[in-house]
Amino acid sequence: MRGITIGQYYQADSPLHLLDPRVKLLCTLAYIIILFFADNPYAYGLATIFAFAMVMISTVPVRMILRGMRAVLFLALITVLFNLFLTPGDVLVEFWIFTITRQGAQTAAMMALRLFLLVLASSVMTLTTTPNKLTDALERGMRPLKIFRVPVHEIAMMMSIALRFIPILSEETEKIMNAQMARGAAFDEGNVLKRAKSLIPLLVPLFVSSFRRAGDLALAMEARCYHGGKGRTRLHPLRYATRDVIAYLVFAAFLAGMIVVIRLF
Amino acid sequence: MKLILDHVTHIYDPHTPHARTALRDVSLQIGEGSFIGLIGHTGSGKSTLIQHLNGLLKPTEGSVYADGKDIADAEYNRRALRGRVGLVFQYPEHQLFEADVFKDVCFGPKNLGLTQKETELRAYEALQQVGLEPEVYDQSPFDLSGGQKRRVAIAGVLAMRPEVLILDEPTAGLDPGGSREILSLIASLQKERGMTVILVSHSMEDVAAYADRIIVMNGGGVTMDGTPAEVFAQADALKEIGLSVPAATEVCRRLYAAGIPVRPDVTTAEEACEEICGCFLR
């Protein structure tokens, strides 16, 4: 339970960590979008180099980044298999009912790389940005939606609270498990049905305590006169610094490079 | 039942940047029928220590033996051990889950694989022992008061008929009346059933009044281990690690220091009262 890695922030002092979260959010978004336009090996080469440069700058151990990659391995595998065998074109290898075409191999490789880079980019962002900063950036980024009466502040507040509660609830889960195991409960025995049933003594106290905590939090917020986002100022307002402008410029250069490469080949 | 901790060290999250040593080379023997007070301030390793006694945690180094058998052995039945070494955690909210009190207390004995009849018999017996009114048995455990919840939680462990009963801060969050009731309940259970009781607490008064042995922990190690009189005689050393002595001991120590002929090693208010009154009568 200790190993939970949602909001998998890695504490460090790299230039990427210091950037304004808006820069990282926007650039990651743009990076992901441009990946979907990339259709030749050169573009993928450039995108890969850029991604790895970011990993280097972030000073996050590669081991930690790779751990996040495991989740997409299965998805990537399926994508590769489908593309490899089901793309029509010039036949490279043929055996039994399977045929591998040159186009198929190329698409499969690019698809896998695209998935890999997608996850890599978002991992680098979440590893270098605290969940709270990310939520701030989202709130700021979604501000225009206010015109359509979207409760932007409330959504952002709900997200930060949810994120804040993850470690609390995971710790609580561990305590409840211990308390029930002390009464002879076993969570890892028997068939699926028995296991599901064994979760009841864990889930009931967890729900009860979540509701209690939510009530307490609401009271504490009201006691401090919280009344939504209207007229609310921030402790750490988001302000662009010179390094953020530089980061935007660097990213714009990369983006221009990508567009050129995509158009040329 | 005899429990032995042999040079036990416990490190949380070893080999990671978050590695934290919670127990350092702890060796202890816990014999039969004693009432042990385990004291130490927050983070001294008390909770980690007690979770080793019923096999919830495994030592990083060293071993824990229950009746001569290493409980970390793969074939050792830790589930049966947890029936014999009952552990009541601090917050009853962490274990109450059933629709009514009686069913909740049945959870422990049922997990031990007892028959329905035996389970219910034990649950009934445990609920009686903790002094809950029969009207409460079919109420939802979530509707009870703090003190009642605590009793249900204790009954839930007692129903397994443990030979060793460990209670983590059983009086935290209770008013003085409620905490006195819980403590005298535990003391009478210990006498009646000949159980070994380990009471984790940071209230010196509670521990002094009931325990016949006190173990003081600091920074993951055991710094003192002896009778209340022996331990509280080292008042200065206790203060150094951020603990105090019972108020009664403190009063007598100061009187003694001021030249009044009272024993400085009393531990309870009753003893202090006797000493001071005796001093006037002499």
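A. Spotlight on the interface of chain A and chain B. Every contact between the two is made by 19 residues of chain A and, on the other side, 22 residues of chain B. Taking both sides of the interface into account, the surface hidden between chain A and chain B amounts to around 1,800 Å²; carbon and sulfur atoms contribute 60%. Between chain A and chain B we count one salt bridge in total. If you look at where chain A meets chain B, you find six residue pairs in polar contact (both at pLDDT 80 or more). Within the residue set of the side of chain A that touches chain B, elements represented by two or more residues are α7 (152–181) and α9 (200–223) of chain A. A class-by-class count of the residues in the side of chain A that touches chain B yields 11 nonpolar, three polar and five charged.

B. View of the nonpolar core. With 49 residues, the main nonpolar core has B:V105 and B:V216 as its most contacted residues. Beyond its immediate sequence surroundings of up to four residues, B:V216 is in contact with B:I39, B:G221, B:V222, B:T223, B:M224, B:V231, B:L238, B:I241 and B:L243.

C. Quick look at the state of the cysteines. Residues and elements named next belong to chain B. In this structure the tally under the stated criterion is zero disulfides over all chains. For C252, which is in no disulfide, the shortest distance to another cysteine sulfur is to C279 and amounts to 9.6 Å. Note on C252: relative accessible area 0%, which makes it buried. A disulfide-free cysteine, C277 has its sulfur positioned 4.0 Å from the sulfur of C273, the nearest such atom. Residue classification places C277 among the partly exposed residues on the basis of a relative accessible area of 39%.

D. Just the pattern of salt bridges, in detail. On inspection of all chains with the given rule, the structure shows 22 salt bridges over all chains. In this structure, A:E172 and A:R213 form a salt bridge, with 2.8 Å as the shortest nitrogen-oxygen distance. In this pair, A:E172 is assigned in helix α7 and A:R213 in helix α9, connecting sequence segments 41 residues apart. Through salt bridges that share partners, B:E118, B:R122, B:E125 and B:R161 make up one connected network.

E. Fine view of the pairing of strand β4 (residues 61–66) of chain B. All names here are of chain B. The sheet contact formed by strand β1 (residues 3–12) and β4 spans five bridges and is antiparallel. Opposite D6, over in β4, you have S63 as the bridge partner. Bridge analysis of β4 against strand β5 (residues 69–70) gives two bridges, and the strand direction is antiparallel. In the sheet register, A66 faces β5, and the bridge partner there is K69. Counting the residues in the hairpin turn of β4 and β5 gives two residues, including D67, whose phi is positive at 50°.

Here is what the cut-offs are and how they apply
- Per chain, the residues get numbers from 1 upward, laid out in the order the sequence is written.
- A letter from A marks each chain and a number from 1 marks each ligand, given out in the order of writing.
- Thresholds applied to this predicted model are a pLDDT of at least 70 for local features of residues and 80 or more for the giving and counting of side-chain atom pairs; totals over whole chains, interfaces and linings are not thresholded and use all residues.
- Water and hydrogen atoms play no part in the side-chain values, which are based on all heavy atoms of the structure.
- Note on contacts: a residue pair qualifies if any of its non-hydrogen atoms lie within 4.5 Å across the two residues.
- Here the quantity called buried area is the accessible surface, traced with a 1.4 Å probe, that two parts lose on coming together, added over both.
- Salt-bridge detection follows one rule: a side-chain nitrogen of Lys or Arg within 4 Å of a carboxyl oxygen of Asp or Glu.
- Polar contacts, as counted here, are pairs of nitrogen or oxygen atoms within 3.5 Å of one another; within protein the pair requires one atom able to donate a hydrogen and one able to accept it, and residues that are adjacent in sequence qualify only if both atoms are side-chain atoms.
- Working definition: helices are DSSP H or I runs of at least four residues, strands are E runs of at least two. Numbering for both runs from the N terminus.
- When residue character is reported, Ala, Val, Leu, Ile, Met, Phe, Trp, Tyr, Cys and Pro are called nonpolar, Asp, Glu, Lys and Arg charged, and the others, Gly included, polar.
- As used in this record, nonpolar core signifies buried Ala, Val, Leu, Ile, Met, Phe, Trp, Tyr and Cys residues forming a set joined through side-chain atoms within 4.5 Å.
- Residue exposure (1.4 Å probe, protein chains only): buried if accessible area is under 20% of the type maximum, exposed if over 50%, otherwise partly exposed.
- For the purposes of this analysis, a disulfide is any pair of cysteine sulfur atoms at a distance within 2.5 Å.
- We treat two strands as partners when DSSP finds at least two bridges between them.

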